[in-house]
Structures are given as C-alpha cells and as structure tokens.
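Close look at the chain arrangement
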Amino acid sequence: MSGTNPQLAAAYARCRAIAAEHGKSYFLATRLLTPDRRQAVHALYAAARVADDIVDVGADEPGRDPEAELLAWSEDALEAVETGHSDDPVRLALADTVRRYDIPREHLVDFLAAMTSDLDVTGYPDLAALDRYMWGSASVIGLQVLPVLGTAPGVAREEAAPHAIALGEAFQLTNFLRDVAEDVDRGRVYLPADMMAAHGVTREQLAARQHTPGFTALMREMVDVVRRRYDDAAPGTPMLAPESRDCVRAATDLYGGILREIEKVDYRVLDGRVSVSGPRRLAVFAHRLTAAQLARVRVRAARTRSRSTTGA
C-alpha cells in the first residue's frame with residue numbers, strides 16, 4: 001500500500017483527484033473496489049488522461065507543441081516504469097501500479113503509440129481501421145486494468161482477456177458517440193468513413209452541427225455496434241475476482257446508460273454533450289454497494305477458513 005511512502009501516497013492522491021474531476025462515472029464505480037485496487041485504477045486512468053490531454057492541446061492551445069510534449073512525457077513514463085522512480089506524481093503512481101501488478105510494459109507502449117497517432121490521423125475509413133486504432137487506445141486499457149481487478153480462482157488471465165478487450169472498446173466507442181461534436185472541433189472524426197458515406201453524412205455537416213436523418217440513421221447503427229461490444233464483454237465479469245465484479249457492473253451500467261441517453265434525445269449529440277444524471281449515477285452506485293461489501297466479507301471469510309485449515 002502507498003500509505004507507508006509519503007511521496008507515493010501523494011502521487012496516488014493526485015491521480016485520485018484527476019479521476020474524480022474528469023471521470024465521474026468511472027470514479028464512482030471505483031469506490032466499489034478494495035482500496036489497493038482503487039488507487040491502482042486511478043493511476044491508470046490519470047496517466048491515460050494526462051497523455052490524452054497533451055494531444056488535445058494541439059487543437060485547443062495554438063503555440064504549444066503537443067508532439068514534443070507527448071514524446072517527452074512518454075519517454076519519462078517508460079523510464080519511470082523501468083526504474084520505479086519519477087518526480088512527476090502521475091508517472092510515479094503509474095510506475096508503482098505497473099510494477100506492483102506486473103502489467104506488461106508493451107501495453108503502455110501501445111497506448112502511447114495510439115495517442116501519438118491522434119496528432120496526425122484525423123479519420124478512419126472503416127470499422128476495421130477504427131478497431132486497429134482502438135487496440136492501443138482502448139483494448140490495452142482493458143488489459144492493463146485486468147491484473148488489477150484480478151480473476152476468480154481457477155480462471156486464467158488469458159481466459160478473461162478477450163472480454164476485457166471488448167469492454168475497453170465498448171467504453172471508448174461510447175465516448176466516440178457522445179463526443180462527436182467535441183472531436184470534430186479538434187479536427188478528428190471517430191465514425192467510420194464508409195458508414196458515414198452510406199448515410200450521406202459528411203465531415204462538413206458534423207462541423208456545422210447539422211443533424212440530418214442520415215446522421216440519425218448512422219448513430220442508430222453505431223449504437224448497435226457498441227451494444228454488441230458490451231454483449232461480448234459481459235461473460236467476462238463472472239471471471240473476475242468477486243470483490244471487483246460490482247465495480248465493473250456499475251461502470252458498464254453507467255456507460256451503457258450513455259447510449260440510452262443518446263437514444264432519448266433522438267441521437268442529437270451534435271447539440272450538446274449527453275450524460276447520465278447525477279441521481280442516476282448515485283442510484284447505480286447504491287444498488288451495487290451492498291453487493292460489493294458482501295463480496296469482500298465472503299472473500300475475507302474464505303481466506304480465514306483457508307488459513308485455519310492449512311495452519312498458515
């Protein structure tokens with residue numbers, strides 16, 4: 001635990017603050033995790049958020065050099081993972097998490113490569129191309145989080161991995177649908193170009209916030225694509241450690257709820273950001289809280305019985 005090291009504790013606290021500020025649904029869901037898992041997920045989220053923010057400054061703050069900033073941040077992050085040390089709190093917490101949970105270094109490399117591609121790539125010809133991008137931006141996030149959440153007794157990490165990948169992709173695709181307007185303002189479109197063309201939707205229409213029948217049809221088709229990813233992810237939740245399942249269920253419910261909100265407004269995501277309401281988020285959290293607490297009690301009881309049986 002980080003509490004024995006003041007610098008590390010402060011680093012994790014900084015990551016917690018970033019997660020609380022920028023990822024309200026994720027942050028609420030992580031409160032259902034055990035403290036050690038919770039702080040690790042905060043570190044992974046904060047690192048991803050910082051790298052993503054560096055990329056976005058290129059569109060939002062002229063005069064800065066996001067390519068140089070991202071390269072420097074990436075090199076420092078990888079060095080921190082190798083050495084276990086960093087003067088930057090986010091990179092320090094990231095390094096501790098990666099080393100503590102034996103997260104493959106290549107997952108971080110692939111993520112940083114995807115962020116780098118965002119500096120130049122502004123669109124994707126089809127869903128297959130978007131999936132290739134999401135390997136680094138979403139799939140490996142699921143694979144990074146998986147060792148933190150842990151798997152149930154008898155379940156190998158490799159068995160749960162495809163479902164973790166699918167959930168990472170489902171969450172990111174949900175973001176893409178919610179954030180169409182924000183992304184196009186930054187010069188990027190994460191809707192497959194061939195699907196856009198099939199529905200008569202152009203980048204110019206997106207930039208002009210033109211909500212057409214074709215855009216509605218495109219969004220409806222994309223919502224179906226995302227829901228299939230959630231379906232692919234679902235069998236993975238029972239494979240997780242019992243103490244982690246309710247966090248994933250809550251996050252899935254909250255993020256899946258964004259799709260329902262998109263449908264409620266007739267897919268008018270160009271008019272403004274769609275989100276799950278605060279009361280709804282709290283209701284989901286409350287619904288899962290008791291189950292998460294009971295899971296922890298059962299796990300502790302099982303460990304106590306195991307120790308008494310073995311004499312350990």
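Presented here is an overview of the structure given in this document. Because the structure is predicted, anything quoted here is derived from the model rather than measured.

**Some thoughts on the nonpolar core**
Ranked by internal contacts, the top residues of the largest apolar core, which has 102 residues, are Trp73, Tyr133, Leu177, Leu191, Leu206 and Phe215. Setting aside residues no more than four positions away along its own chain, Leu206 makes contact with Val180, Val184, Val189, Leu191, Met196, Val201, Phe215 and Leu270.

**Considerations on the pattern of salt bridges**
As enumerated under the stated definition, the model contains 20 salt bridges in all. Its salt-bridge partner being Asp179, residue Arg178 comes within 2.8 Å of it at the nearest N-O pair. You'll find Arg178 and Asp179 in the same group, each marked buried. Here the residues in one salt-bridge network are Arg178, Asp179, Glu182 and Arg273, joined through shared partners.

**Points about helix α1 (residues 6–22)**
The terminal C-alpha atoms of α1 lie 25 Å apart, and with 17 residues this matches the ideal 24 Å at 1.5 Å per residue to within 8%. Of the positions making up α1, those classed as buried are Leu8, Ala11, Tyr12, Cys15, Ile18 and Ala19. Seen along its axis, α1 keeps its buried residues to an arc of 110°; they face one direction. The exposed residues of α1 that point more than 90 degrees off its buried face are Pro6 and Glu21. One side-chain oxygen at the N-terminal end of α1 lies 3.0 Å from the backbone nitrogen of Gln7; it belongs to Asn5.

**Some points on the packing of helix α8 (residues 157–178) against helix α13 (residues 242–264)**
Between α8 and α13, the least distance of the axes is 10 Å, while the angle of their chain directions is 30°. For the element pair α8 / α13, the angle class is roughly parallel. As α8 runs across α13, the sense of the crossing is left-handed. Contact residues: α8 offers Leu167, Phe171, Thr174, Asn175, Leu177 and Arg178, while α13 offers Val248, Ala251, Thr252, Tyr255, Ile258, Leu259 and Ile262. Among the residues forming the contact of α8 with α13, the class breakdown is 9 nonpolar, 3 polar and 1 charged.

**Observations regarding empty space enclosed by the protein**
Taken as a whole, this structure holds 2 cavities of 30 Å³ or more when the rule is applied. In this model, the largest cavity occupies a volume close to 50 Å³. Every residue along the wall of the largest cavity is listed here: Leu44, Ala47, Ala48, Trp73, Leu94, Leu108, Phe111, Ile141 and Gln144. Listed by contribution, the elements that provide at least two residues to the lining of the largest cavity are α3 (35–60), α6 (105–117) and α7 (127–149). When residues in the lining of the largest cavity are grouped by element, the largest group, 3 residues, is from α3. Looking at side-chain class alone, the lining of the largest cavity contains 8 nonpolar, 1 polar and no charged residues. Put simply, the second largest cavity is a space of about 40 Å³. Taken together, Phe176, Asp179, Val180, Asp183, Val184, Arg188, Val189, Tyr190 and Leu191 make up the full set of residues lining the second largest cavity. Considering only residue class, the lining of the second largest cavity consists of 6 nonpolar, no polar and 3 charged.

**Notes on the layout of surface pockets**
Counted as a void, the second largest pocket has a volume near 220 Å³. Sort the elements by how many residues they give to the lining of the second largest pocket and α13 lands first, with 5 residues. Considered class by class, the residues forming the lining of the second largest pocket number 5 nonpolar, 3 polar and 4 charged.

**Describing the packing of helix α4 (residues 66–83) against helix α5 (residues 89–100)**
Two elements in contact, α4 and α5, have axes whose closest approach is 8 Å; the angle formed by their N-to-C orientations is 45°. Compared by their axis directions, α4 and α5 come out oblique. In this structure, α4 meets α5 at a crossing whose hand is right-handed. For the pair α4 and α5, the contacting residues are Trp73, Asp76, Ala77, Ala80, Val81, Glu82 and Thr83 in the first and Val90, Arg91, Leu94, Ala95, Val98 and Arg99 in the second. Classifying every residue of the contact of α4 with α5 gives 8 nonpolar, 1 polar and 4 charged.

Quick notes on the rules
Residues numbered from 1 in each chain as written. Predicted model: local features only at pLDDT ≥ 70, side-chain atom pairs only at ≥ 80, totals over all residues. Heavy atoms only, no water. Core = buried A, V, L, I, M, F, W, Y, C linked by side-chain atoms within 4.5 Å. Buried < 20%, exposed > 50% of the residue type's maximum accessible area, 1.4 Å probe, protein only. Contact = heavy atoms within 4.5 Å. Salt bridge = Lys/Arg side-chain N within 4 Å of Asp/Glu carboxyl O. Helix = DSSP H or I, 4+ residues; strand = E, 2+ residues; numbered from the N terminus. Expected span 1.5 Å × (residues − 1). Arc of directions from axis to C-beta. Polar contact = N/O pair within 3.5 Å; in protein donor to acceptor, adjacent residues only side chain to side chain. Axes fitted to C-alpha atoms, helices over the stretch in contact; angles between N-to-C directions. Parallel < 35°, antiparallel > 145°, perpendicular 65-115°, else oblique. Left-handed = near helix turned anticlockwise from the far one by under 90°. Nonpolar A, V, L, I, M, F, W, Y, C, P; charged D, E, K, R; others polar. 1 Å grid on protein atoms, 1.4 Å probe; cavity = no way out; pocket = protein on both sides within 12 Å on 5 of 7 lines; lining within 4 Å. Points joined across faces, edges and corners; volume = space filled by probe spheres on them.

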